[in-house]
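Structure at a glance
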Amino acid sequence: MRVLTGIQASGKLHIGNYFGAMKPMIELQEEHELFTFIANYHSLTSSKDAQTLKQYTLDAAVDYLSVGIDPEKTTFWVQSHVPQVLELYWILSKFTPMGLLERAHSYKDKVAKGIPASHALFSYPVLMAADILLFDTQKVPVGKDQIQHVEMTRDIATKFNNEYGEIFVLPEHMVQEEVATIPGIDGQKMSKSYGNAIDLFMDEKPLQKRCNKIISSSTSLGEPLEWKGCHIYNLAALFLDDAGKKALQERYKSGKEGYGHFKKYLKELIWEELEEAREKRAYYLDHMDEVQDILAVGAKKAGTIAEAKIAQVKEAIGLL
Ligand code: ADP
Ligand code: TRP
C-alpha cells in the first residue's frame, strides 16, 4: 500500500509532532511503501526570510532521519525538488470550488492567529491535494487537524475523475486515535505557534525546566493527586504501556509524591525515549553532505513517478 505524508518545515519539532506524526510514520515504513517529503512550498506561506526556511528544511531532514526514517525503505525528499507538484496544483485548482476552500478550518485558524491572508494560504489545501494525488497515494497519516484537507483532496479528485476519467486514486486519512491530539504544557493542543511545546531535541537541563513549566493544580504534598486530566500524566502516558500507566496512577493516588516528582519522571521518560535519536542526530549534523545526498536520491525517485503522472493528467485534460 502506498502511504504518503508531508512534513511542515516551519520550526523545531516537538513531542506533538513526534507522537502525532513521526512515530506512526516511521512504523509504517516496515510494511508499506512510504513516501515522505518536507513541505517547503507550504512552509513558504508562513516564512519570513530565506535563511530560516532553508535552515528549517535541513533541520527537519536531520530530525526525521534521526528518529528513524530509513532512506533504504522510504522515499524521502524536499517538496520543491519535485516541481511537477506545482503543475498539478494549478490543474487541480480548476476542480476546486471556492466554497470548498472557504470551509477550510485551518485557513480560518491561521488567519485568526495573525498569519496574513494570502492566496497561497487560502489555496494551501489544493497544493496538499496535488502532493497526495501526484503519487497515487492510498493512505495519508496525519494529525486530526489535517483530516479535512484529506477529505478535500478526495472531493477534488472525485470531481476530476467524474469529468475526465479515473485518473486519481482516492486517498484515505489515517489517524492514530489514542495519540490524536497531544497536549502542550498548558493542556491545549501542543503547537509551536502556541508557545506551549516541548521540543524534541533539548539538552537535559532545559528539558527539565520545560517540564517544570507544565501547569498543574496546587494540591499540597501528602494528599492523593488526581491523575485524570493532569497534563503531566497525559504526557507521561504517551511513553507508557498499560502496566506503566497503572503504576503511575498508583503513584498519584498514594499521596507520597508531588507534581515535582512526576515532572522529573516525565523528563526521564522523554530523555530515554530519544537516546538513540540523539546519537544519530549528532552524526547527521556532522555529515550534512550525506543528508543532502539522501534527499537528492529521494527527489530523483519521486520525480520519476511525478513525471509519469503529470503526463497522464495532461493527456487526459488535453494539455499538449
Ligand atoms: P504545529 O502545530 O506545531 O505547527 P505542524 O502543523 O507543523 O505542527 O504539524 C506537523 C505534524 O504533526 C502534522 O501531521 C500534525 O497533525 C502533527 N501534530 C502537530 N501537533 C500535534 C499535536 N499536538 N498532537 C498530534 N499531532 C500533532
Ligand atoms: N499540511 C500538512 C501539515 O500542516 C503538511 C502536508 C503538506 C501534508 N502536504 C501534505 C501532509 C500531504 C500529508 C500529505 O502538517
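Residues numbered from 1 in each chain as written. Chains lettered and ligands numbered in written order. Predicted model: local features only at pLDDT ≥ 70, side-chain atom pairs only at ≥ 80, totals over all residues. Heavy atoms only, no water.

To continue, consider the overall build of the protein chain. From N to C terminus, the protein chain includes 14 helices and 5 strands. Relative to the globule expectation of 20 Å for 320 residues, the C-alpha radius of gyration of the protein chain, 21 Å, shows essentially globular dimensions. Along the longest, intermediate and shortest principal axes, the C-alpha atoms of the protein chain span 75 × 45 × 40 Å. A separation threshold of at least 6 residues defines the contact pool for the protein chain, and within that pool the share at least 24 residues apart is 78%. As displayed, the protein chain has an accessible area near 15,800 Å², and 52% of this comes from carbon and sulfur atoms. For the protein chain, the separation between the mean place of its 37 positive charges and that of its 44 negative charges on side chains is 6 Å. (Helix = DSSP H or I, 4+ residues; strand = E, 2+ residues; numbered from the N terminus. Rg over C-alpha atoms; globule rule 2.2 N^0.38 Å. Contact = heavy atoms within 4.5 Å. Areas by Shrake-Rupley, 256 points an atom, 1.4 Å probe, with all protein chains shown as cover. Lys, Arg positive; Asp, Glu negative; His and termini not counted. Charge placed at Lys NZ, Arg CZ, Asp CG, Glu CD.)

Compared with the 26 Å implied by 1.5 Å per residue over 18 residues, the 26 Å span of helix 3 (residues 50-67) between its first and last C-alpha is a close match. Between the side-chain oxygen of the N-cap and the backbone nitrogen of Gln51 there are 3.2 Å, and the N-cap of helix 3 in question is Asp49. In the segment just after helix 3, Gly68 is the residue with positive phi, at about 135 degrees. (Expected span 1.5 Å × (residues − 1). Polar contact = N/O pair within 3.5 Å; in protein donor to acceptor, adjacent residues only side chain to side chain.)

Alternating residues of strand 3 (residues 75-78) divide into Thr75 and Trp77 and Phe76 and Val78, and every residue in both groups is buried. Here strand 2 (residues 33-38) runs beside strand 3; their pairing, made up of 4 bridges, is parallel. What sits directly across from Thr36, in strand 3, is Phe76. (Buried < 20%, exposed > 50% of the residue type's maximum accessible area, 1.4 Å probe, protein only. Pairing = 2+ DSSP bridges.)

Residues in contact with ligand 1 amount to 15 residues; listed here are only the nearest, His14, Asp145, Ile182, Ser191 and Lys192. A distance of 2.7 Å separates an oxygen atom of ligand 1 from a polar atom in the side chain of His14. Contacts to ligand 1 include Ile182, whose backbone N or O atom sits 2.8 Å from a nitrogen atom. Contact with the protein chains hides 89% of the accessible area of ligand 1, taken as 530 Å² for the molecule alone. (Near = heavy atom within 4 Å.)

The subject of this paragraph is the pattern of salt bridges. Following the criterion strictly, the structure yields 15 salt bridges and no others. The salt bridge partner of Asp63 is Arg281, with a shortest N-O separation of 2.8 Å. Taken together, the residues Asp63 in helix 3 and Arg281 in helix 13 (residues 275-286) connect sequence positions 218 residues apart. Linked by salt bridges that have partners in common, Glu30, Asp70 and Lys73 make up one network. (Salt bridge = Lys/Arg side-chain N within 4 Å of Asp/Glu carboxyl O.)

Right, let's talk about the state of the cysteines for a bit. This model, assessed by the stated rule, comprises 0 disulfides. Free cysteine Cys230: the closest other cysteine sulfur is in Cys211, separated by 12 Å. (Disulfide = S-S within 2.5 Å.)

Quick look at the site of ligand 2 now. In the vicinity of ligand 2 there are 14 residues, among which Gly6, Tyr124, Met128, Asp131 and Gln146 approach most closely. Between Tyr124 and ligand 2, the recorded distance is 2.6 Å, taken from a side-chain N or O atom to a nitrogen atom. In the environment of ligand 2, a nitrogen atom lies 2.9 Å from a nitrogen or oxygen atom belonging to the side chain of Gln146. A total of 360 Å² of accessible area belongs to ligand 2 in isolation, and the protein chains cover 89% of it.

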